[in-house]
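Each chain, letter by letter, is given below.
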Amino acid sequence: MTYQADERRYERQPYNRSGRSGLKLPAVSLGLWHNFGDNRPIDNSRAILRRAFDLGVTHFDLANNYGVPYGSAERNFGTILREDFAAYRDELVISTKAGYDMWPGPYGEWGSRKYVLASLDQSLQRMGLDYVDIFYSHRPDPETPLEETMGALDRAVRSGKALYAGISNYSAEQTAQAARIMSELGTPLLIHQPSYSMINRWIEDGLLDTLEEAGMGCIVFSPLAQGLLTDRYLDGVPSDSRAATSRFLTADRIDRDLARDLNEIARTRGQTLAQMALSWTLRDPRVTSVLIGASSVRQLEDNVGCVNGPAFTEDELEAIDKITGPAASGR
C-alpha cells in the first residue's frame, strides 16, 4: 500500500531551533544505530519510520557504519526513502557521520580528509541521495590536525553534498577549537551530538556552555543509557534484552535500585521511566533534540510520548539529582 503521511503530523511534536542557525529540529529525533540493518526485517524498519514521521519526527540520524553489516542501515533507509518518502524529502532532515571504522586499511576510519570525504560519497550512494542535511565528524582524531578534519567538513558543505556540518563525541575544548576553525572557514558548525542521560551527565561540565557561546545546537544520544533508564530491567535481565545480547551493555552495569527509585518519580508524574528520562534531557533549552532508537512501533510511540509530559517541578529535579547527580556517585 502506498504510504501517505498523516496530515496532522506537525501538530504532535515541538520543533526547536539548533543554536543560532535557521534550522529547527523535532524535540525527538530517530536514530538508526540499531534495528535497521540486514539482521532486522525491513518491513519492521519501514513501519517504525512511517509511524515516526506521522508523529512529527522529521529527523532521521545515521552513520556510515550503522547496521549489521556496516552500511546496511543506510542502504535499507535509502530503499525505504525511495519507496515511501520520496515525496517528503524536503520535509526531512537526514544526517550521517564518518569517524569510526568502516573499511580495512589506514584510510577507513578517523578524521583524514581522504576518509571523511570518501565516506560521505559512499553514504550518499547507499542512500540514493544527492546530499544529506547534516554531515558529522563522528569522533575527534588524535593524530590528524583538527584543521584537516574541519576542512573536510567545510568542503562537504561547499560541494553541496551536505547542507550543514556537525561534530560528535568532542570534548568542550575540542568543540571550541573546531567551532573557531569552522567559523574562520565560513561554514559554522550547526550542532554537536554527545552522549547524555540522567546517569551520564558529562556535558553539564562545560560542553553545554561552550555550545551556547558558539551558537551551536545539541542533539543527545543514548538518553536511556542503552535501556538502563527504562522499565526493562526493573525486575531482572530478560534473556532477549540488550544487556543479555549486546556488547554495548552488560548485566553488571545495571543498577536496579537506581532504576526503581527513578521509576517511582516517573510514576507520580504519569510517565514511564523512559518518558521521564527523555523529558529530563530536554529540560535544558540548550538541548535541541534527543535521539531515540526503537525496535518496534509500540516502543517508538511510548518514547515520543515524552513530549506530552508535565514540566518538572523543583522538588522533582532535586529528587532526581539526589539519585543521579554528582553527590550520588557513591551509591
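For every chain, the first residue of its written sequence is number 1, and the numbers climb from 1 along that sequence. It should be noted that, the model being predicted, local features are given only for residues of pLDDT at least 70 and side-chain atom pairs only at 80 or more, the latter also being counted only at that level, while totals for whole chains, interfaces and linings use all residues. As a convention, hydrogens and water are excluded, and side-chain values are obtained from all of the structure's heavy atoms.

The protein chain is annotated in an unreviewed UniProt entry as L-glyceraldehyde 3-phosphate reductase from Nonomuraea antimicrobica. UniProt positions are given in the numbering used here, feature names are shortened, and annotations may be inferred rather than shown by experiment. For the protein chain, the Sequence similarities (unreviewed entry) comment in UniProt is given as "Belongs to the shaker potassium channel beta subunit family."

Asks: Residue-level account of the pairing of strand E6 (residues 132-137), with values.
Replies: Every other side chain in a regular strand lies on the same face of the sheet, so the side chains alternate between the two faces. Exposed residues in this analysis have more than 50% of their type's maximum accessible area, buried residues have under 20%, and partly exposed residues fall in between, with area computed by a 1.4 Å probe over protein chains only. Put simply, DSSP H or I for four residues or longer makes a helix, DSSP E for two residues or longer makes a strand, and each gets a number counted from the N terminus. Taken across its six residues, E6 has six buried, putting it largely inside the fold. Between any two strands, pairing holds if DSSP finds at least two bridges. With four bridges joining them, strand E5 (residues 93-98) and E6 adopt parallel strand pairing. The partner of Ser-95 across the bridge, within E6, is Ile-134. With helix H3 (residues 113-127) bridging E5 and the parallel E6, this β-α-β connection has right-handed handedness. In terms of strand pairing, E6 meets strand E7 (residues 162-168) through five bridges, oriented parallel. Bridge pairing in E7 places Tyr-136 opposite Gly-166. Here the term right-handed applies to a crossover when the path leading from its first strand over the helix to its second strand runs clockwise, the strands being oriented away from the viewer. Taking the sense of rotation as the criterion, the β-α-β connection linking E6, helix H4 (residues 146-158) and E7 turns out right-handed.

Asks: So what about the packing of helix H8 (residues 256-269) against helix H11 (residues 314-324)? Which residues, and what values?
Replies: Their axes nearest at 10 Å, the elements H8 and H11 cross at an angle of 170 degrees. The pairing of H8 with H11 is recorded here as roughly antiparallel in orientation. Judged by residue contacts, Leu-258, Asp-261, Leu-262, Ile-265 and Arg-269 of H8 engage Glu-316, Ala-319, Ile-320, Ile-323 and Thr-324 from H11. Looking at the contact of H8 with H11, its residues break down into six nonpolar, one polar and three charged. Structural elements are reduced to axes, namely lines fitted to C-alpha atoms, with helices fitted over the stretch in contact, and the angle between N-to-C directions of any two is expressed from 0 to 180 degrees. Geometric relationships in this document are graded by angle, where less than 35 degrees denotes roughly parallel, more than 145 denotes roughly antiparallel, 65 to 115 denotes roughly perpendicular, and other angles denote oblique. Two residues form a contact once any of their heavy atoms are found within 4.5 Å. Basically, the charged four are Asp, Glu, Lys and Arg, the nonpolar ten are Ala, Val, Leu, Ile, Met, Phe, Trp, Tyr, Cys and Pro, and anything else, Gly included, counts as polar.

Asks: Please set out the pairing of strand E8 (residues 189-193) residue by residue, giving values where relevant.
Replies: For E8, the buried fraction is high: five of the five residues fall into the buried class. In this structure, E7 lies alongside E8, joined through four bridges in parallel fashion. Among the inter-strand pairings, Ile-167 is bridged to a residue of E8, identified as His-192. Regarding the hand of the β-α-β motif, the stretch spanning E7, helix H5 (residues 172-185) and E8 is right-handed.

Asks: How would you summarise the confidence of the model for the protein chain if you had to cite specific residues and measurements?
Replies: Looking at the protein chain as a whole, its pLDDT mean stands at 93, while 92% of the residues score no less than 70. As a per-residue quantity, pLDDT reports the predictor's confidence and falls between 0 and 100. Every residue in residues 241-252 scores below 50 in pLDDT, and together they form 25 contacts with partners more than four places removed in sequence or on other chains.

Asks: Break down the packing of aromatic side chains for me, with residues and values.
Replies: Pairing of aromatic rings covers Phe, Tyr and Trp, the last counted by its six-membered ring, and requires centre-to-centre distances within 6.5 Å; plane angles under 30 degrees mean stacked, over 60 mean edge-to-face, and any other angle means tilted. Summed over the entire model, instances satisfying the criterion amount to 10 aromatic pairs. Aromatic side chains Tyr-3 and Tyr-88 sit 6.0 Å apart centroid to centroid with 65 degrees between the ring planes, which places their arrangement in the edge-to-face category. Placement of Tyr-3 in the segment before strand E1 (15-17) and of Tyr-88 in the loop between helix H2 (72-85) and E5 is noted, with a sequence separation of 85 residues between them. When sorted by exposure, Tyr-3 lands in the same class as Tyr-88, which is buried. Judged by centre distance (5.3 Å) and plane angle (35 degrees), the rings of Tyr-196 and Trp-280 are tilted. Taken together, the residues span a long stretch of sequence, with Tyr-196 in the loop between E8 and helix H6 (207-214) and Trp-280 in helix H9 (residues 273-281) at a distance of 84 residues.

Asks: Residues and numbers for the sheet that holds strand E4 (residues 59-61), please.
Replies: If you walk around this closed barrel you meet the eight strands as E3-E4-E5-E6-E7-E8-E9-E10, and the pairing is parallel. Strand-to-strand twist in this sheet, taken as the mean axis angle between neighbours without regard to direction, amounts to 30 degrees. Pairing analysis gives two bridges linking strand E3 (residues 28-31) to E4, with the strands arranged parallel. In the strand pairing of E4, Gly-31 is matched with Asp-61. Contacting E6, E7 and E8, H4 crosses the sheet at an angle of about 155 degrees to E7.

Asks: Break down the pattern of salt bridges for me, with residues and values.
Replies: We define a salt bridge as a side-chain nitrogen of Lys or Arg found within 4 Å of a carboxyl oxygen belonging to Asp or Glu. As enumerated under the stated definition, the model contains 24 salt bridges in all. Arg-46 is the salt-bridge partner of Glu-83, the closest N and O atoms lying 3.0 Å from each other. With Glu-83 in helix H2 and Arg-46 in helix H1 (residues 42-54), this residue pair connects regions lying 37 residues apart in the sequence. The class for Glu-83 is partly exposed, based on a relative accessible area of 47%. Here Glu-264 and Arg-267 are joined by a salt bridge, their closest N and O atoms 2.4 Å apart. Within this pair, Glu-264 and its partner Arg-267 are both found in helix H8, separated by three residues, close to a single helical turn. In this structure Glu-264 comes out as partly exposed when scored by relative accessible area, which is 40%. Given a relative accessible area of 55%, Arg-267 falls into the exposed group. A cluster of three or more residues bridged by salt bridges with shared partners is formed by Arg-46, Arg-50, Glu-83 and Asp-84.

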